[in-house]
Number of protein chains: 2
Amino acid sequence: MATRSRRPDRRQEPLSRERIVEAAVELLDSVGESGLTFRALADRLATGPGAIYWHIAGKAELLTAATDAVVAAAVRPAEPGGAPGDGVRTVALGLFDAVEEHPWLAAQLAAQLSRSPWGTVAPRIFESIGREVRALGVPEAGWFTATSALMHYILGAAGQNAANTASAAAPGAGMDRAEFLDAVSTAWEGLDPDAYPFTRAVAEQVRGHDDREQFLDGIALVLAGIAALHPPVAQQAVTVVR
Amino acid sequence: MATRSRRPDRRQEPLSRERIVEAAVELLDSVGESGLTFRALADRLATGPGAIYWHIAGKAELLTAATDAVVAAAVRPAEPGGAPGDGVRTVALGLFDAVEEHPWLAAQLAAQLSRSPWGTVAPRIFESIGREVRALGVPEAGWFTATSALMHYILGAAGQNAANTASAAAPGAGMDRAEFLDAVSTAWEGLDPDAYPFTRAVAEQVRGHDDREQFLDGIALVLAGIAALHPPVAQQAVTVVR
DNA sequence: GGAGTTGCTGGAACGCCGTTCCAGGAGCGC
DNA sequence: GCGCTCCTGGAACGGCGTTCCAGCAACTCC
């Protein structure tokens, strides 16, 4: 009959792990990490908390599953061909955009990588970056170091940038992005000159920079390091120099 | 008279923000993040929760203060002199060791950097790394990118390594470090060959590697990228091989 | 086709958390 | 002595993750 308030509310199909995770992601996106409670989730799914526990072991598993779902959608495989490094940039921007779209993702990724690096999330990201590293012609001995360096830079920088975006758009503080960066820059300029000379000197660069561009600059830096330390060997006819 | 159960219990000196933060760090170190509650903290300080709130606004501020205190102790200034890059390594290892000593630190750092990069923690780390970057002779235009890349790598890699250490020593799982790495390596080797060829290929390197060495390899990689992209302007007469 | 079983549901209840409130004590100027 | 400020700590509140369990479809077996 009358369409319900929010969402189609198709509540004939039974509860399932996928539907729960999907609802959890929506809740995280709309009300943030603290808004994801089993009660709110149960309301949105028109059920009770107990029913959810039949499908999901607890909150930790719920957050892991939500993170994994979003990451799986984000690391779309790069199409073959293109300049060396294009594949890395594609994967990196995929994660960058995902973190920007889901502001809760950065903290979750960091928490999960630094708590259980053997879950499903870490290998997924590691694999998609690693393939591009291999495609660059890096010799096998350098795979782990190069991929780790890229992964940590990508996740760290994307997370910090998402924080900027989110804070600028924060409810209450009617700031746009430029105003927000200006505020940060001004705050840094106000630091103690003796204790923070470097940060003060960099403050000006923060004002009005382009996030995406700066993010890619960092990628280029790490790629340059990879190229310098691991001179690409020919794809076939592999020889390890050094 | 009789000495109390835990700690000297010197409870004549009044409550203070420092004493609270100190107790919070001890609690975090001994029972982990979930063990830090206002009730437990009040017990340890032989007071009630209300008294703590007179000095600290809430849990978020408590965690921020604890993180800041540990970071401040960790980023000891590097002594001048030494080969180019030594300063960076000193700062990096300081943070690496701090994260290893305080396993909760990695998640806190990530959360705080990706939530409010304008707090006191971020500038502190940024500053100490940045000074070393400047000392490398990087031109000013490259300061922000180079320092960010280093910072993200350092925090990410240190956090992941701390997770390994902590998991290996986890209560219940009577594993030592080698066993733990072996378990991770084996798990990775068991991944789907079609979906995870790269991760499987790297699994062998994970077994029995040296953390500190691998961490420094990553630093060297980023430093090489900095040297390649930002050829140092002459400090006195710095030349970079390549 | 009835009875038993299984798989799932959702509301009630438990214990703990962060946080607030407030009666009161210690120290101090007057 | 008195009032005032600063600080204390216990009690209480609302909300959280989690557990428990009575109930109910659907399906199986006889």
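The name given to chain A in an unreviewed UniProt entry is TetR family transcriptional regulator, and the organism recorded there is Streptomyces parvulus.

Colleague: Go over the pattern of salt bridges, please, and point to the residues and values.
Modeller: Residue and element names in this part refer to chain A. Evaluation of the coordinates by the stated rule reveals 20 salt bridges over all chains. For R207, the salt bridge goes to D182, with nearest N and O atoms at 2.4 Å. Placement of the pair is R207 in the loop between α10 (197-206) and α11 (211-229) and D182 in helix α9 (residues 177-189), with a sequence separation of 25 residues. D182 gets classed as partly exposed once you look at its relative accessible area, which sits at 31%.

Colleague: Account for the interface of chain B and chain A, naming residues and giving values.
Modeller: Listed by partner, the interface residues are 62 residues for chain B and 62 residues for chain A. Looking only at chain B, the three residues that lose the most surface to chain A are B:F144, B:F198 and B:L221, adding up to 16% of its buried area. Between the two partners, chain B and chain A, sit 0 salt bridges. In this assembly, chain B and chain A are joined by 8 residue pairs in polar contact (both at pLDDT 80 or more). Among the elements of the structure, α6 (105-113), α7 (121-135), α8 (143-168), α9 (177-189), α10 (197-206) and α11 (211-229) of chain B are those that each provide at least two residues to the side of chain B that touches chain A. Considering each element in turn, the side of chain B that touches chain A owes the most residues, 17 residues, to α8(B).

Colleague: Outline the packing of α11(A) against α11(B), listing residues and values.
Modeller: At a closest axis distance of 7 Å, the pairing of α11(A) and α11(B) adopts a crossing angle of 100°. Compared by their axis directions, α11(A) and α11(B) come out roughly perpendicular. On α11(B), the residues that touch A:A220, A:L221, A:V222, A:A224, A:G225, A:I226, A:A228 and A:L229 of α11(A) are B:A220, B:L221, B:V222, B:A224, B:G225, B:I226, B:A228 and B:L229. Of the residues contributing to the contact of α11(A) with α11(B), the split by class is 14 nonpolar, 2 polar and no charged.

Colleague: Give a description of the packing of helix α4 (residues 59-74) of chain B against α7(B) that names residues and reports values.
Modeller: Residues and elements named next belong to chain B. Interaxial distance between α4 and α7 falls to 9 Å at its minimum, and their mutual angle equals 15°. Of the possible angle classes, the one that applies to α4 and α7 is roughly parallel. Pair α4 / α7 crosses with left-handed handedness. Along the contact surface, α4 presents T64, T67, D68, V71 and A72, while α7 presents V121, R124 and I125. Considered class by class, the residues forming the contact of α4 with α7 number 4 nonpolar, 2 polar and 2 charged.

Colleague: Explain the protein's contact with DNA strand D residue by residue, including any values.
Modeller: Around DNA strand D, a shell composed of 20 residues is seen, among which A:R39, A:K59, B:T47, B:A51 and B:H55 lie nearest. Among the atoms of DNA strand D lying within 4 Å of the protein, the sugar-phosphate backbone contributes 53%. In the model, a phosphate oxygen of DNA strand D is placed 2.5 Å from a nitrogen or oxygen of the A:K59 side chain. The separation between a base oxygen of DNA strand D and a polar main-chain atom of B:G50 is 3.5 Å. At the level of elements, α2 (38-44) and α3 (49-55) of chain A together with α3 (49-55) of chain B are the ones that each hand at least two residues to the surface near DNA strand D. The leading source of residues in the surface near DNA strand D is α3(B), at 5 residues. For the surface near DNA strand D, the class distribution of residues is 9 nonpolar, 7 polar and 4 charged.

Colleague: If you had to explain unusual backbone geometry to someone new, which residues and values would you point to?
Modeller: Residues and elements named next belong to chain A. Even without glycine at this site, A46 takes up a positive phi of about 55°. Position of A46 among the secondary structure elements: in the loop between α2 and α3. By relative accessible area, A46 is classed as partly exposed at 43%.

Colleague: Before we move on, could you go through the protein's contact with DNA strand C and cite the residues and values that matter?
Modeller: In the vicinity of DNA strand C, 20 residues are found, and the nearest of them are A:T47, A:A51, A:H55, B:R39 and B:K59. Of all atoms in DNA strand C that approach within 4 Å of the protein, 54% are sugar or phosphate atoms. Here a phosphate oxygen of DNA strand C and a side-chain polar atom of A:H55 are 2.6 Å apart. For the surface near DNA strand C, the secondary structure elements donating two or more residues are α3 of chain A together with α2 (38-44) and α3 of chain B. At 5 residues, α3(A) tops the list of elements feeding residues into the surface near DNA strand C. Looking at side-chain class alone, the surface near DNA strand C contains 9 nonpolar, 7 polar and 4 charged residues.

Procedures and definitions
Residues numbered from 1 in each chain as written. Chains lettered and ligands numbered in written order. Predicted model: local features only at pLDDT ≥ 70, side-chain atom pairs only at ≥ 80, totals over all residues. Heavy atoms only, no water. Salt bridge = Lys/Arg side-chain N within 4 Å of Asp/Glu carboxyl O. Helix = DSSP H or I, 4+ residues; strand = E, 2+ residues; numbered from the N terminus. Buried < 20%, exposed > 50% of the residue type's maximum accessible area, 1.4 Å probe, protein only. Contact = heavy atoms within 4.5 Å. Buried area = accessible area lost by both parts, 1.4 Å probe. Polar contact = N/O pair within 3.5 Å; in protein donor to acceptor, adjacent residues only side chain to side chain. Axes fitted to C-alpha atoms, helices over the stretch in contact; angles between N-to-C directions. Parallel < 35°, antiparallel > 145°, perpendicular 65-115°, else oblique. Nonpolar A, V, L, I, M, F, W, Y, C, P; charged D, E, K, R; others polar. Left-handed = near helix turned anticlockwise from the far one by under 90°. Near = heavy atom within 4 Å.

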